[in-house]
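The lines below spell out each chain.
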Amino acid sequence: MSIPAAIRIQSVSKHYGALKALHEVSLDVMPGEFFGLLGPNGAGKTTLISAMAGLVRPTSGSIAIMGHDVGSDYRNARRQLGVVPQELVFDPFFSVRELLRIQSGYFGFARNDDWIDEILGHLDLLPKADANMRALSGGMKRRVLVAQALVHRPPVIVLDEPTAGVDVELRHGLWQFIRKLNRDGHTIVLTTHYLEEAQALCGRIAMLKNGQVVALDSTEALLRRFATHSLRVRLGLPEVGLALGGVAEEGGWLAFGFETYADVEVLLKRLREAGAGIEEMTLGEPDLEQVFIEVMHHA
Amino acid sequence: MLEERATPRASGWVGFRTLLYKEVLRFWKVSFQTVGAPVLNALLFLLIFSHVLDRHVTVYGDIAYTTFLVPGLVMMSLLQNAFANSSSSLIQSKITGNIIFVLLPPISYREFYAAYVLASVVRGLFVGLGVLLVSLPFIELPMVYPWWVLAFAVLGGAILGSMGVIAGIWAEKFDQLSAFQNFLIMPLTMLSGVFYSIHSLPPLWQDVSHVNPFFFMIDGFRYGFFGQSDVSPWLSLGVVSVCFVLLAVLTLAMLARGYKLRG
Ligand SMILES: Nc1ncnc2c1ncn2[C@@H]1O[C@H](COP(=O)(O)OP(=O)(O)OP(=O)(O)O)[C@@H](O)[C@H]1O
Ligand SMILES: [Mg+2]
């Protein structure tokens, strides 16, 4: 028996008039994955998430959460899904605790205080539990949004730019918490514009551009495929380096791309033989930003 | 986390109940504005009209004008506040974006409808009761058939609650909502016989009143107090019930399609 995908998206399109916010998007996120959904502004990330949550009805295609169709079996689909929205929305009439109790109730849990306290603790919100939503700072409101998405212990959690406008300390706290949720078996889908964040957290990544998936692979494979290691040097005789294929950068630095470390050996040997005179040297790891720029450029 | 712990069973009924509770709590938290203000309003109407007209006008033979007026005022306040409850709640949630918290959970569109309309009825009944209570020191008000009173109060509240859901979903800005209120709800209420018996109108206007469903709500409601009315209470009940069913069907159809709520 095969396990159903945590999220199965099958040729989903969403058209707003002539605008194709999503076009024939298909992808599966498997249970337990930490999945990144990347793309420039307007790529369709939020639209895709809204379609998973039933907030937006696809023009065509279908989506299932843990095997439950978002349309025909919406009750079960929604029970499996927790969504942290991109916008900082809140209900100004209530306190944090009231809001979380109400949200629990919407999902069918009349008494949920133990779990609510646990979430509040993890998100450092206990001191603010009885504060009105209006009295919270932006970062705290963001945390409440995370808490609201978790009240019903959804196996699948989707976070739409959860770290936008969040300070460094909280960002680290938040990632620790989300990593813990992932270790505990929750499937995580994340969108972010901080690519080093995505690189550090996500096991697999889909890149969206103009409503289409333009790259879909494990983070490792993407890095291997698109990004190269780089060796940057400052030389006594820069023209020697240029002749060997170095690219001039600011401050007299020259950059060389390479695939394997064996290539570095060869390069260093040639520089020495030519008497280039290495004054300074750094090695650069491949990073997702490079991959992103590359993919977006060629897509 | 999920597997380790015995997760309490989720029950669908709780979702509806919570939404109803939240909608009631929302107006109750600001009851000074949502209940107090309309009651004060009605009281002012009552003081002014009764002072000006009471000695000169009687209705249904020997009923003093102020006495006749009170059920109309009660019903008018009830209807307007039932409308205000669902419509303002929905438009606020839409504009601030927090409507998603109701759209993400496994709440069906029928539960959604029932919760918003019932909360409207509750607010309407609170306001109506408030108006009734503050009027009592001024008049001797009979209540011949309390069940008729209650039936029309609930149905009227449900009709205006439904209209509020429609308006709240349709409107994208507050001024569109007030247009709905000023150009539809207010005229229909004012021309329904809140302040007069339609028998005191010229025949043409009597006929016009008879196509206004609000007339039947108020006339039936008044029957419960005095045992007298312009038309049979059964006719009023029939008209009002049909209106409610039609509005419920329309609203449910909008919600089922996700009109303006699920893009
Ligand atoms: N309700 C709507 N009506 C018309 N166009 C829309 C609507 N919602 C989204 N769009 C368009 O669909 C496209 C995708 O938007 P979406 O919000 O999904 O992008 P995104 O990838 O989340 O961007 P960001 O990184 O800025 O959050 C955009 O061009 C947007 O203008
Ligand atoms: Mg977005």
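Conventions adopted
- Residues numbered from 1 in each chain as written.
- Chains lettered and ligands numbered in written order.
- Predicted model: local features only at pLDDT ≥ 70, side-chain atom pairs only at ≥ 80, totals over all residues.
- Heavy atoms only, no water.
- Salt bridge = Lys/Arg side-chain N within 4 Å of Asp/Glu carboxyl O.
- Helix = DSSP H or I, 4+ residues; strand = E, 2+ residues; numbered from the N terminus.
- Buried < 20%, exposed > 50% of the residue type's maximum accessible area, 1.4 Å probe, protein only.
- Contact = heavy atoms within 4.5 Å.
- Buried area = accessible area lost by both parts, 1.4 Å probe.
- Polar contact = N/O pair within 3.5 Å; in protein donor to acceptor, adjacent residues only side chain to side chain.
- Phe/Tyr/Trp six-rings, centres within 6.5 Å; stacked < 30°, edge-to-face > 60°.
- Lys NZ or Arg CZ within 6 Å of the ring centre and 35° of its normal.
- Expected span 1.5 Å × (residues − 1).
- Patch = residues over 30% accessible without salt bridge, like charges linked within 9 Å, V, L, I, M, F, W, Y side chains within 5 Å.
- Areas by Shrake-Rupley, 256 points an atom, 1.4 Å probe, with all protein chains shown as cover.
- Axes fitted to C-alpha atoms, helices over the stretch in contact; angles between N-to-C directions.
- Parallel < 35°, antiparallel > 145°, perpendicular 65-115°, else oblique.
- Left-handed = near helix turned anticlockwise from the far one by under 90°.
- Pairing = 2+ DSSP bridges.

Student: Just checking my understanding: could you explain the pattern of salt bridges for this structure?
Tutor: When the charged atoms of two side chains lie near each other, side chains of opposite charge can form a pair. All chains considered together, the criterion is met by 16 salt bridges over all chains. In this structure, Glu111(B) engages Arg75(A) in a salt bridge whose closest nitrogen and oxygen atoms are separated by 3.4 Å. Residue Glu111(B) is located in helix 5 (residues 109-135), and its partner Arg75(A) is located in helix 2 (residues 74-79); the two belong to separate chains. Of the residues examined, Glu111(B) reaches a relative accessible area of 14% and is grouped as buried. Residue class for Arg75(A) comes out partly exposed when judged on its relative accessible area of 24%. One salt bridge in this structure joins Glu98(A) and Lys29(B), with 2.8 Å as the shortest N-O distance. Of this pair, Glu98(A) sits in helix 3 (residues 96-106) while Lys29(B) is found in the loop between helix 1 (12-28) and helix 2 (31-53), placing the two residues in two different chains. Given a relative accessible area of 25%, Glu98(A) falls into the partly exposed group. Using a relative accessible area of 38% as the deciding quantity, one classes Lys29(B) as partly exposed. Among the charged side chains, a network of salt bridges with common partners joins Arg97(A), Asp117(A) and Asp130(A).

Student: Help me understand the interface of chain A and chain B, please; the structure alone is not making it clear to me.
Tutor: Accessible area lost during the coming together of the parts is what is often quoted as the interface size. Contacts between the two partners involve 38 residues from chain A and, on the opposite side, 40 residues from chain B. Carbon and sulfur atoms make up 62% of the area that chain A and chain B hide from each other, which totals about 3600 Å². At the boundary of chain A with chain B, the tally comes to 2 salt bridges. Counting across the interface, chain A meets chain B through 14 residue pairs in polar contact (both at pLDDT 80 or more). Elements with a minimum of two residues in the side of chain A that touches chain B: helix 2, helix 3, helix 4 (113-122), helix 5 (138-150) and helix 6 (168-183) of chain A.

Student: I tried to follow the packing of aromatic side chains on my own but got confused; where do I start?
Tutor: The relative placement of two aromatic rings is captured by the distance of their centres and the angle of their planes. Tallying each qualifying case throughout the model produces 18 aromatic pairs over all chains. Measuring from ring centre to ring centre gives 6.0 Å for Trp148(B) and Tyr223(B), while their planes differ by 90 degrees; the resulting arrangement is edge-to-face. Separated by 75 residues along the polypeptide, Trp148(B) in helix 6 (residues 146-170) and Tyr223(B) in helix 9 (residues 213-226) bring together distant segments of the chain. Among the residues examined, Trp148(B) registers a relative accessible area of 14% and is labelled buried. Above the plane of the ring of Tyr194(A) lies Arg171(A), whose end atom (NZ or CZ) is 4.4 Å from the centre.

Student: In this structure, what is going on with helix 6 of chain B? I would like to understand it.
Tutor: Along an α-helix, a turn takes 3.6 residues, which lines up residues three or four apart on a common side. Over its 25 residues, helix 6 of chain B extends 36 Å from the first C-alpha to the last, a length consistent with the 36 Å expected when each residue adds 1.5 Å. Burial runs high along helix 6 of chain B: 19 of the 25 residues are buried.

Student: What exactly am I supposed to notice about a nonpolar patch on the surface here?
Tutor: Taken together, Leu40(B), Leu44(B), Leu47(B), Ile48(B), Val52(B) and Phe138(B) make up a surface patch of nonpolar side chains, about 560 Å² in accessible area. Relative to the helices and strands, Val52(B) is located in helix 2.

Student: Explain the packing of helix 9 of chain B against helix 10 (residues 233-257) of chain B here, please?
Tutor: Helix packing geometry: the angle between the two helix axes and the distance between the axes. Residue and element names in this part refer to chain B. The interhelical angle for the contact between helix 9 and helix 10, taken along N-to-C directions, is 135 degrees, at an axis separation of 8 Å. Judged by the inter-axis angle, helix 9 sits oblique to helix 10. Taken as a pair, helix 9 and helix 10 cross one another with a handedness that is left-handed. Each of Pro213, Phe216, Met217, Asp219, Gly220 and Tyr223 in helix 9 lies in contact with helix 10, whose residues at this interface are Pro233, Leu235, Ser236, Val239, Val240 and Cys243.

Student: What is the right way to look at the environment of Ser89(B) in this model?
Tutor: Residues and elements named next belong to chain B. With respect to the helices and strands, Ser89 occurs in helix 3 (residues 65-96). Owing to a relative accessible area of 1%, Ser89 belongs among the buried residues under this scheme. Each C-alpha atom, one on Ser89 and one on Val59, is 39 Å from the other, the two residues being 30 residues apart in sequence. Contact partners of Ser89, with chain neighbours within four places excluded, come to Glu23, Arg26, Ala84 and Tyr116.

Student: Help me understand the sheet that holds strand 7 (residues 156-160) of chain A, please; the structure alone is not making it clear to me.
Tutor: Adjacent strands of a sheet pair through backbone hydrogen bonds, lying either parallel or antiparallel. Residue and element names in this part refer to chain A. One open sheet accounts for 6 strands, arranged 6-7-8-3-9-10; its pairing is mixed. What marks the edges here is a single partner per strand, and that holds for strand 6 (81-84) and strand 10 (212-218). The sheet shows a mean angle of 15 degrees between the axes of neighbouring strands, taken without regard to direction. Of the pairings in the sheet, the one linking strand 3 (residues 34-38) to strand 8 (residues 187-191) comprises 4 bridges and is parallel in character. When the sheet's bridge partners are listed, Phe35 is paired in strand 8 with Val189. Those strands touched by helix 6 are strand 3, strand 7 and strand 8, and its axis lies near 145 degrees from that of strand 8.

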